[in-house]
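Residues per chain are reported as follows:
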Amino acid sequence: MKLSELRRRLSEAGIEEADTEARLLFSHVAGLPVHRLIGGDPDCTDPALEDLLARRLDRVPLAYLLGETAFFRETYRATPDVLIPRPDTELLVEEAIRRIPANARVADLCCGSGCIGISVLANRPDLTCVSVDLSPAAVALTKENAERNGVSGRISVVCADLFALPADLSGFDAVLCNPPYIARSVIPTLSPEVLHEPTAALDGGEDGLDFYRELAGRLPSLLVPGGIALLEIGYDQKDSVTEIFSDAGCPPVIRLDYGGNPRIAILSRP
Ligand code: GLN
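Rules of the game
Residues numbered from 1 in each chain as written. Predicted model: local features only at pLDDT ≥ 70, side-chain atom pairs only at ≥ 80, totals over all residues. Heavy atoms only, no water. Helix = DSSP H or I, 4+ residues; strand = E, 2+ residues; numbered from the N terminus. Contact = heavy atoms within 4.5 Å. Pairing = 2+ DSSP bridges. Right-handed = clockwise from strand over helix to strand, strands pointing away. Axes fitted to C-alpha atoms, helices over the stretch in contact; angles between N-to-C directions. Salt bridge = Lys/Arg side-chain N within 4 Å of Asp/Glu carboxyl O. Buried < 20%, exposed > 50% of the residue type's maximum accessible area, 1.4 Å probe, protein only.

Draft legend 1. Structural detail: the environment of N103. Within the fold, N103 resides in the loop between α5 (90–99) and β3 (105–109). For the pair N103 and D173, spaced 70 residues apart in sequence, the C-alpha to C-alpha distance is 9.2 Å. Apart from the residues within four sequence positions on either side, N103 is in contact with D126 and L127.

As structure tokens, then:
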């Protein structure tokens, strides 16, 4: 298949970034760097390309097909066991890098691919992190991504449920978390790409707020006095998340993302 045909078939199927995706898929299968595709229309006869195209037309996200994705200043292996690292979440990393005090002990809860804790460590050599996820596959992937990004000496990865955290996961200087926060009834309406991602990484319960309620109750043990938490939230959760943490004695500051939507809650334990 020629590059131009790949681009046309993606575009005809309504894939928005058809040009970029065609180059990335082609370069992935043909083993050519993307810049070698500029200005030409090479042909690739490897049947793997047709197979990847068929899966992409089935709306499997590009990151799963390529097996990796860029996030912040790092790259991550991405598998269907975890949520694909999103540009939205880079703001949380940026704020964490700026705000976490020197030599802090950090927790990244519901870590998935590991991207939040790992990108923070990669850009703050003074920090250590305990990354936690319920899913054994996510734990394995976080270890692999830590290795890939050169921070495996400063991270430990623990398989545990946020709703039943072992007592020794406590006393952190900073807690980072991008929990599942989609209201259950909304999940079937999400884009077909998102529906290929693990439901457990999206489902925040009836109203999407279960994980924030649990975190609010756990702040006194999770954080040392004066410790900070940075949490990703949904675009429509500013008021409800503010109420949950204010009731727990930790009123948050909400920061907007670059699209102007509420995106992170920042709070500290008195
Ligand atoms: N932002 C994600 C989405 O739009 C949801 C991530 C989450 O639930 N933590 O699908």
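Okay, back to it.
Draft legend 2. Local environment of the pairing of strand β5 (residues 155–159). Relative to β5, strand β4 (residues 128–133) is paired through five bridges, and the arrangement is parallel. Across the sheet, D133 pairs through a bridge with C159, a residue of β5. Between the parallel pair β4 and β5, the chain is carried across by helix α7 (residues 136–148), and the sense of this crossover is right-handed.

Draft legend 3. Fine view of the sheet that holds strand β8 (residues 253–256). Read from one edge to the other, the open sheet built from seven strands follows the order β5-β4-β3-β6-β7-β9-β8, with strand pairing classed as mixed. Each edge of the open sheet carries a strand with a single partner, namely β5 and β8. Adjacent strand axes in the sheet meet at a mean angle of 20°, parallel and antiparallel pairs treated alike. Against the sheet, α5 engages β6 (172–177), β7 (223–232), β8 and β9 (262–268), with an angle of about 155° to β7. In the packing of α7 onto the sheet, contacts are made with β4 and β5, and the angle to β5 comes to roughly 170°.

Draft legend 4. Summary view of unusual backbone geometry. Even without a glycine there, the phi angle at F72 is positive, about 55°. Among the structural elements, F72 can be located in the loop between β1 (68–71) and β2 (74–77). With phi around 55°, C110 is a residue other than glycine that occupies positive phi space. Relative to the helices and strands, C110 is located in the loop between β3 and α6 (115–123).

Draft legend 5. Here's a closer look at the pattern of salt bridges. All told, the structure shown has 22 salt bridges when counted by the stated rule. The salt bridge partner of R148 is E68, with a shortest N-O separation of 2.3 Å. Here R148 is found in helix α7, whereas its partner E68 is found in strand β1, with 80 residues between them in sequence. By relative accessible area, R148 is classed as partly exposed at 37%. Owing to a relative accessible area of 39%, E68 belongs among the partly exposed residues under this scheme. Notably, a salt bridge pairs R86 with E197, separated by 2.7 Å at the nearest N-O pair. Remark: E197 occurs in the loop between β6 and α8 (210–222) and R86 occurs in the loop between β2 and α5; sequence separation between them is 111 residues.

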